Amino acid sequence: MKRFCVIDGQGGGIGALIIKKLKERFGESVEILALGTNAIATSQMLKAGANRGATGENPVIRMVAGADLILGPVAVTWPNAMMGELTLHMAEAVLSSPAPKILIPMHQENVFIVGASRDPLPHLVDAMINQYLQEVLRDV
């Protein structure tokens, strides 16, 4: 069974929406791990249907190493993002993981990514699940 790690922080809304859409698309055919930078984010992702969840730096570091896919906002690759919730070690672990990463460009960190879509979040998550996921993991 494929293991997808969804990482989010702050209120967990982005991660919860990603998990909701993954569950609608795949049901129980994939394992979805909710990795929150804080307890509220983890809780919201678990409520959205994640199979398991954990909070903080060490779970992120440990679990992304064995993931088949990592999903979340692009800020999970930026140290000190999410008002400081994302640590250097978390960002390093995400980027060092051999798993493919499908990340949503959010414009909350005063960083502007040229060419990134400014579509509403639900449209970005739909593209993530219905387009990019198929391109990255052809056997899912």
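Up top you'll find the structure we're talking about.
In this report, the structure presented in the accompanying data block is examined. These numbers were taken from a predicted model, which means no experiment stands behind them. (Residues numbered from 1 in each chain as written. Predicted model: local features only at pLDDT ≥ 70, side-chain atom pairs only at ≥ 80, totals over all residues. Heavy atoms only, no water.)

## Digging into the nonpolar core
Ranked by size, the top nonpolar core spans 24 residues in total, and within it Phe 4, Val 6, Ile 18, Leu 22, Leu 71 and Leu 133 carry the most contacts. Of all the secondary structure elements, the ones that give two or more residues to this core are strand E1 (2-8), helix H1 (13-26), strand E2 (30-36), strand E4 (69-73), strand E5 (101-104) and helix H5 (121-136). Non-local contacts of Leu 71, meaning those with residues more than four positions away in its chain, are made with Phe 4, Cys 5, Val 6, Ile 7, Ile 18, Leu 22, Ile 102, Leu 103, Met 128 and Leu 133. Of all hydrophobic cores here, the second largest spans 18 residues; its members include Leu 35, Ala 67, Ala 93 and Val 94. (Core = buried A, V, L, I, M, F, W, Y, C linked by side-chain atoms within 4.5 Å. Buried < 20%, exposed > 50% of the residue type's maximum accessible area, 1.4 Å probe, protein only. Helix = DSSP H or I, 4+ residues; strand = E, 2+ residues; numbered from the N terminus. Contact = heavy atoms within 4.5 Å.)

## Some details on the pattern of salt bridges
Applying the stated rule across the entire model yields 5 salt bridges. Here Glu 31 ties to Arg 3 by a salt bridge, and the two come within 3.0 Å at their closest N and O atoms. Linking Glu 31 in strand E2 with Arg 3 in strand E1, this pair joins segments that are 28 residues apart in sequence. One salt bridge connects Lys 23 with Glu 28, and the closest N-O pair in it is separated by 2.7 Å. Take Lys 23: its relative accessible area is 16%, and that puts it in the buried class. Through salt bridges with shared partners, a single network forms among Arg 3, Glu 31 and Arg 52. (Salt bridge = Lys/Arg side-chain N within 4 Å of Asp/Glu carboxyl O.)

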